Protein chains: 2
Amino acid sequence: MIASSELSLSVLDAARNRRSIRRYTNDPMPREDLREILEVVSLAPSAFNVQPWRFLVVEDPSLKTRLAAAAFNQPQVLAAPAVIVLYSDADEVLRSVADVVHPGLAPEQRAKTAQSILAFLNAKSTAEREEWVAAQANIALGYLLLAASALDYQTSAMGGFDPAAVKKLLGLPARARINALVAIGKGDEEGFPHHRLPLERLATFR
Amino acid sequence: MIASSELSLSVLDAARNRRSIRRYTNDPMPREDLREILEVVSLAPSAFNVQPWRFLVVEDPSLKTRLAAAAFNQPQVLAAPAVIVLYSDADEVLRSVADVVHPGLAPEQRAKTAQSILAFLNAKSTAEREEWVAAQANIALGYLLLAASALDYQTSAMGGFDPAAVKKLLGLPARARINALVAIGKGDEEGFPHHRLPLERLATFR
């Protein structure tokens, strides 16, 4: 269960406060807080509600040391008390279709919905399906970084790693796609202030 | 500028309250609120800070009617006061590299960083680059739905539309990738409660 909402920052403050943080204090990361953050992330939406995101949370120091070696020895992997490996597995998504259809639907509508999701996924090549599933999983990355920030944890989302080495080390399926390694803990530096394109470059109103 | 944070729900409540909403009241959507939501979204992180998300906000009723025709006449396109077209354009990302490098870096480091981002992007085929850029833009989708919910607006993110027809109608580049059409406004229905896989299926701790 998700605990009380009073402890959670507003979306605005969570977005403002979030920085990419590479240095962390030695404070351990309570498992309860990790679970609470991931419970929030599990509420993220996805096309057809497929929920393709999976999280392998590396807390064990010796495993984390080996993970760092597969991530070009980025210091935040060692410094943070936990690293969340966010990945997706298109085969598992295919296997889970019946479980993600909303139980509020009538039985025949459930079956029909499951069939159309499968038809959508199976119309793609293996590579296309993996791309699509992996892109959906990035919706959860936005949620994850905001949820951590809301509970006053700092993060660093890393794209620099050897995917094959990480999958082998952690026993993930060979065809899994890893979206990011996310170091998480109590930050021990301020980080760079946001540098963003002005809204005028991003948004047009018609 | 982003207004006061007191008006913004906590991340937890925003995630809990968010539903896919297809019916909307007739209330107009103030431009200021749209801008405030998109300002929050602009704080989303991306690999190399490329910020590939672009937003074309359709408010004009007659344009929205034509957009609905390109989105299989989904009723929420007509019912919502605004529809945000979230898209990315890999060519624009390539052109923007110098602008996204952090100004806090020393000049020679800025140039080196821009070069390595370009080298990363140019090592990909056109299709691979578009896929990668589009997947990054989904991070902003998570932010967008949470930011709207935090300001007590409801949304419906739609994947069902004819991309070529939408791009032609709105004058988007032919090679742009559209992540989603997001209907936004004041909801006029409760929506379905969340149906999610249990955390045990999503997360493993090691």
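Above: the structure in question.
One structure accompanies this document, and this report is about it. This structure is a prediction, so every number in the text was calculated from the model and none was measured.

What to know about the pattern of salt bridges
Next up, step 1: Under the definition given, this model contains 18 salt bridges over all chains.
Next up, step 2: With a closest N to O distance of 3.9 Å, Arg16(A) and Asp13(A) form a salt bridge. A residue pair is termed a helical-turn pair when its members lie 3 or 4 positions apart in one helix, as Arg16(A) and Asp13(A) do in helix H1 (residues 11–17) at three residues.
Next up, step 3: Note on Arg16(A): relative accessible area 29%, which makes it partly exposed.
Next up, step 4: With a closest N to O distance of 3.0 Å, Arg201(B) and Asp99(A) form a salt bridge. On the criterion of chain membership, the pair formed by Arg201(B) in helix H10 (residues 199–202) and Asp99(A) in helix H6 (residues 97–100) is interchain, its members lying in two chains.

Digging into helix H8 (residues 126–150) of chain A
Residue and element names in this part refer to chain A.
Next up, step 1: Across its 25 residues, H8 extends 37 Å between first and last C-alpha, which sits within 8% of the 36 Å expected from 1.5 Å per residue.
Next up, step 2: The element H8 is extensively covered by neighbouring structure, given that 21 of its 25 residues are classed as buried.
Next up, step 3: The first or second residue beyond H8 is Asp 152, which carries a positive phi of 65°.

Quick notes on the relation of the copies chain B and chain A
Next up, step 1: Each copy superposes on the other: chain B lies on chain A with an RMSD of 0.0 Å after a rotation of 180° and an axial shift of 0.0 Å. Each copy turns onto its partner about a two-fold axis. Minimal C-alpha separation from the rotation axis in chain B is found for Ser10(B), amounting to 1.8 Å.
Next up, step 2: Most of the interface of chain B is mirrored in chain A, where 100% of its interface residues are also at the interface.

Comments concerning the interface of chain B and chain A
Next up, step 1: Contact residues are listed per partner, giving 70 residues for chain B and 70 residues for chain A.
Next up, step 2: On the chain B side of the interface with chain A, the three residues burying the most area are His195(B), Phe205(B) and Arg206(B), jointly 13% of the side's total.
Next up, step 3: Across the chain B-chain A interface, the total number found is four salt bridges.
Next up, step 4: Remark: the boundary between chain B and chain A carries 52 residue pairs in polar contact (both at pLDDT 80 or more).

Thoughts on the packing of aromatic side chains
Next up, step 1: Counted according to the given criterion, the structure contains six aromatic pairs over all chains.
Next up, step 2: Ring geometry for Phe48(B) against Trp132(B): centres 6.3 Å apart, planes inclined by 40°, an arrangement best described as tilted. Linking Phe48(B) in the loop between helix H2 (31–41) and strand S1 (54–58) with Trp132(B) in helix H8 (residues 126–150), this pair joins segments that are 84 residues apart in sequence.
Next up, step 3: Phe48(B) sits in the partly exposed class, given a relative accessible area of 40%.
Next up, step 4: Ring pairing ties together the aromatic residues Phe48(A), Phe120(A) and Trp132(A), which thus form one cluster.

Concerning the nonpolar core
Next up, step 1: Grouped together as the largest cluster of nonpolar side chains are 79 residues, with contacts concentrated most on Ile37(A) and Ile37(B).
Next up, step 2: With eleven residues, H8(B) is the largest single contributor of residues to this core.
Next up, step 3: The contact partners of Ile37(A), leaving out residues within four places of it in the chain, are Met29(A), Leu144(A), Ala147(A), Ala148(A), Leu151(A), Tyr153(A) and Ile184(A).

Quick word on the packing of H8(A) against H8(B)
Next up, step 1: Closest axis-to-axis distance for the H8(A)/H8(B) pair is 7 Å, and the angle between their directions is 40°. Between H8(A) and H8(B), the interaxial angle falls into the category oblique. Of the two possible hands of crossing, H8(A) and H8(B) adopt the one that is right-handed. Taking contact as the criterion, the partners of Glu131(A), Ala135(A), Gln136(A), Asn138(A), Ile139(A), Leu141(A), Gly142(A), Tyr143(A) and Leu146(A) in H8(A) are, on H8(B), Glu131(B), Ala135(B), Gln136(B), Asn138(B), Ile139(B), Leu141(B), Gly142(B), Tyr143(B) and Leu146(B).
Next up, step 2: Tallied by class, residues from the contact of H8(A) with H8(B) come to ten nonpolar, six polar and two charged.

Rules of the game
- Residues numbered from 1 in each chain as written.
- Chains lettered and ligands numbered in written order.
- Predicted model: local features only at pLDDT ≥ 70, side-chain atom pairs only at ≥ 80, totals over all residues.
- Heavy atoms only, no water.
- Salt bridge = Lys/Arg side-chain N within 4 Å of Asp/Glu carboxyl O.
- Helix = DSSP H or I, 4+ residues; strand = E, 2+ residues; numbered from the N terminus.
- Buried < 20%, exposed > 50% of the residue type's maximum accessible area, 1.4 Å probe, protein only.
- Expected span 1.5 Å × (residues − 1).
- Least-squares fit on C-alpha atoms with pLDDT ≥ 70 in both.
- Contact = heavy atoms within 4.5 Å.
- Buried area = accessible area lost by both parts, 1.4 Å probe.
- Polar contact = N/O pair within 3.5 Å; in protein donor to acceptor, adjacent residues only side chain to side chain.
- Phe/Tyr/Trp six-rings, centres within 6.5 Å; stacked < 30°, edge-to-face > 60°.
- Core = buried A, V, L, I, M, F, W, Y, C linked by side-chain atoms within 4.5 Å.
- Axes fitted to C-alpha atoms, helices over the stretch in contact; angles between N-to-C directions.
- Parallel < 35°, antiparallel > 145°, perpendicular 65-115°, else oblique.
- Left-handed = near helix turned anticlockwise from the far one by under 90°.
- Nonpolar A, V, L, I, M, F, W, Y, C, P; charged D, E, K, R; others polar.

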